[in-house]
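Read off the chains here:
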Amino acid sequence: MRTLQQTTQEVLDLAAKHFNVPVGSLVPEDDFFKKLGIDSLQTLEMLSRLENHFGIELPDYEVQGVSDFKTLAERIQSRL
Amino acid sequence: MLDLSKYQSIGEALRDSLEQFSNELCLIEADREREKERLTYGNFKERASPLSRALQDGGFSAGSRASIIMTNQSKWLISAYAIFFTGGVLVPLDYKLTPDEHWQLLKHSGAAVLITEYPIWRQLSASAGRAAVTNVQIVLVTEAPANAELAGAQRWEEFRGAGEPVFVLRLRSDTACIVYSSGTGGHPKGCMMTHENYLEQCVALTSIYPFWPGVRYLSILPTNHAIDFMVGFFGPFTCGATVVHLRTLRPEYVREAFAKYRITYVSLVPLVLKNLQKGLQARFDALPAGQRKMFNVFVALNKALTKSRPRLGISRRLLKQVHEAFGGELRAIIVGGAFTEPQTLQFFYDLGIPVANGYGLTEAGTAITVNDLKPFRADTVGKPLPGMEVRIINPASDGVGEVSVRSKTVMAGYLNEPELTAETIVDGWLLTGDLGRFEGAGHLQLTGRKKNMIVTEEGKNIYPEDIEAVFESLAAKEFCVFAANYIWTARSMTGEKLVLVLHLEPGQQYNEELRQDINVRNNRLLNYKRIHGVVLLDEDFPRTASLKIKRNDLAERLAKLDSAAAILPL
């Protein structure tokens, strides 16, 4: 079982790869809309990738209103 | 289709639809690749009647108000039907608002009943905003887990009354819905929409984009939004068509749904449409040179053949693969909520997929103008719908002025805001605050905004006043939020931004600490409500005797600055 810290790191690495920014340039507190300059639709694409990676389903309501990696990682962790 | 001229209320028309189309397929609901259920109109009635009865048993009666805060799903429509059947007023709220914003609007609307989903209720019930709201007497939550803490709510699935509910007739002039076009700040703008507004709008819209049994509408835009309420609920129901709901809006499942459910119509916001365009363009660009050349020939041929009007049969044969990706039955994509760039509209039309763009605002009913495709005009928002009088007030030499509308679809007014209503509806004409002109063939072209607001590509209306609270007690002498376009009028309906205007204390510097504070506060706002930059003004803001900022005067002063240099990005 992953720790929250591991999950968070995997979320950051995957997001960096997905949006083509240097791995390590993102931190848990980052607002992904702002930091990556993405819109809600691109966020949904990122979520699908995270779901595949972690082998879970994240219902849309779980990520409603979430805009930072830290909270996103916590929501993922609760479903692992 | 029902003859809506004979009806007084939404509830009356829907009641007859369920009878008339009893055996037709009404709803399909799917979650990812899993289809959850299919309901006929007869099944829909069986689901709705016990809810209507239970509402009546709970004291819900003519004029009582009930709010729905839910994602798009069958229980949204079943609940709305029960509210209308029992003579109630529906308050549909955007599920994407924050819990505090929800409570604020629930209080303002005077809703006695709240119908919501368990995950939303979990947040609502824990929110501090709940304490100040005493009008909500009954809370119904859908899909709560077996052992869930309901915090005073009841399970929607168990809220069933025994016996037949009693139908309650409302008149055309009665309020059917209170729809919030904005206003989670100081002045919530609750548009009081009458039954007549909806009945007339439905007739007008379906005269151009008809529904019939067998038509399948994919409901993606939130149903609280005027467009989905009309074309994803009332319109198809009065024609016996089918509405398809997806419980997740991930692009891959939305794409699959087109083919899987043979979708006829879908409504999208411009952002999603542009995303589809991007995806298709990437696929076209990836074609080997020979195939690409061939493809371009077919597109050119399709363009020539559809110049005067759409010819779906021909387009589907010429560009088979493109149309099959959309299920092969798509007749039109309805786009709304915000301005759509002409090149995006043209891109789809050239592929033989008409995009029904138009122009509307909540206050005027769903739509004021719609592109009738005869011929398709990407550079306009179409012609006024039947029953709509549209005129341009005080046009300049180029014909551009404020767009105003008179029609049976215009709202009765803003709830509890007689002064605002009187400023907005003058001598029966609704002043839209949008700027535009009519071109030679009678099509409306929008050129900008007169009002201090922005509309995002996701179709969100943002009023600067609504977000100012987050900057309260900021270390500055005074501040004000504006739509940049309102200060520096741009002949554009896209790419609009909000700016924070700051007047610092004497000797104070705009330093990193202040910038960080603004950033932190800005990040508390939902992403689409955030300010884009800061404008520094070294003079006192003009104010009224009661010390309110004279926004118009301030905007005039700011307009003298060079916008490119004045806006400091965050």
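Look a little higher up for the structure.
Sequence positions are assigned chain by chain, starting from 1 and proceeding in written order. Numbering of ligands from 1 and lettering of chains from A proceed in the order in which they are written. In view of the model being predicted, local features appear only for residues whose pLDDT reaches at least 70, and side-chain atom pairs are presented and counted only at 80 or more, with totals across whole chains, interfaces and linings using the full set of residues.

Some thoughts on the overall build of chain A
Only DSSP runs of H or I reaching four residues or more are called helices, and only runs of E reaching two or more are called strands; each is numbered from the N terminus. Within chain A, the regular secondary structure consists of five helices and zero strands. Ordered by position from the N terminus, the helices and strands of chain A form the series α-α-α-α-α. What the globule rule says is 2.2 Å times the number of residues to the power 0.38, and the radius of gyration is computed from C-alpha atoms. The C-alpha radius of gyration computed for chain A amounts to 11 Å, which stays within 12% of the reference 12 Å derived for 80 residues, consistent with globular compactness. Taking the principal axes of its C-alpha atoms as reference, chain A extends roughly 30 × 25 × 20 Å. Counting other C-beta atoms within 10 Å of a residue's C-beta gives its exposure: the residue is buried at 20 or more, exposed at 12 or fewer, and partly exposed in between, where C-beta atoms are placed from the backbone. Evaluated residue by residue, chain A yields a buried proportion of 21% over its 80 residues. Contact definition: two residues whose C-beta atoms, as placed from backbone geometry, lie within 7 Å. Partitioning the contacts of chain A with sequence separation of at least 6, the portion at a separation of at least 24 is 57%.

Remarks on the overall build of chain B
Within chain B one finds 18 helices and 28 strands. A compact globule built from 570 residues should have a C-alpha radius of gyration of about 25 Å, and chain B, at 24 Å, falls within 12% of that. Taking the intrachain contacts of chain B between residues at least 6 apart in sequence as the baseline, contacts between residues at least 24 apart amount to 69%.

Details of the nonpolar core
In summary, soluble globular proteins display a tendency toward joint burial of nonpolar side chains. Joining buried Ala, Val, Leu, Ile, Met, Phe, Trp, Tyr and Cys residues through C-beta atoms within 7 Å gives a set, and that set is a nonpolar core. L90, I333, V355, V499 and L500 of chain B are the most contacted members of the largest nonpolar core, which totals 182 residues. If we ignore the near neighbours within four places in the chain, the residues touching V355 of chain B are L273, A332, I333, V335, L345, F348 and Y349 of chain B.

Let's talk about the sheet that holds strand β13 (residues 332-335) of chain B
For sheets, the rule is that strands pair by backbone hydrogen bonds, running either parallel or antiparallel. All names here are of chain B. The sheet built from nine strands is open, its strands ordered β2-β1-β11-β10-β12-β13-β14-β15-β16 with mixed pairing. Two strands in the sheet have a free side with no partner beyond their single neighbour: β2 (34-40) and β16 (383-384). When DSSP finds two or more bridges between two strands, those strands count as paired. Two strands pair when backbone bridges link them, and strand β14 (residues 355-359) and strand β15 (residues 369-370) are joined in this way by two bridges, in the antiparallel orientation. For Y359, the partnering residue across the bridge sits in β15 and is T369. Axis angles are defined between N-to-C directions and span 0 to 180 degrees, where every axis is a line fitted to C-alpha atoms and, for a helix, only to the segment in contact. Across the sheet, helix α8 (residues 251-260) touches β1 (25-31), β10 (216-219) and β11 (242-246), and the angle it forms with β11 is around 155°.

Re the interface of chain A and chain B
Residue-level contacts link 13 residues of chain A with 17 residues of chain B. When contributions to the side of chain A that touches chain B are tallied by element, the ones reaching two or more residues are α3 (40-54) and α4 (60-63) of chain A. It is α3 of chain A that contributes the most residues to the side of chain A that touches chain B, five residues altogether. Counted by class, the side of chain A that touches chain B contains four nonpolar, five polar and four charged residues. Throughout this entry, Asp, Glu, Lys and Arg are counted as charged residues, while Ala, Val, Leu, Ile, Met, Phe, Trp, Tyr, Cys and Pro are counted as nonpolar. The remaining residues, Gly among them, count as polar.

Brief notes about the environment of A15 of chain A
Along the chain, the position of A15 of chain A falls in helix α1 (residues 4-18). If we skip the residues at most four places from it in the chain, A15 of chain A touches L26, F32, M46 and F69 of chain A.

Regarding the pairing of strand β12 (residues 265-268) of chain B
One face of the sheet, then the other: side chains in a regular strand alternate in exactly this way. Residues and elements named next belong to chain B. The alternating pattern of β12 places Y265 and S267 on one face and V266 and L268 on the opposite face, and all of these are buried. One ladder, built from two bridges, connects β10 with β12; its direction is parallel. Bridge pairing in β12 links Y217 to Y265. Two elements, β12 and β13, share four bridges in a ladder whose sense is parallel. Bridge assignment links Y265 to a residue of β13, and that residue is A332.

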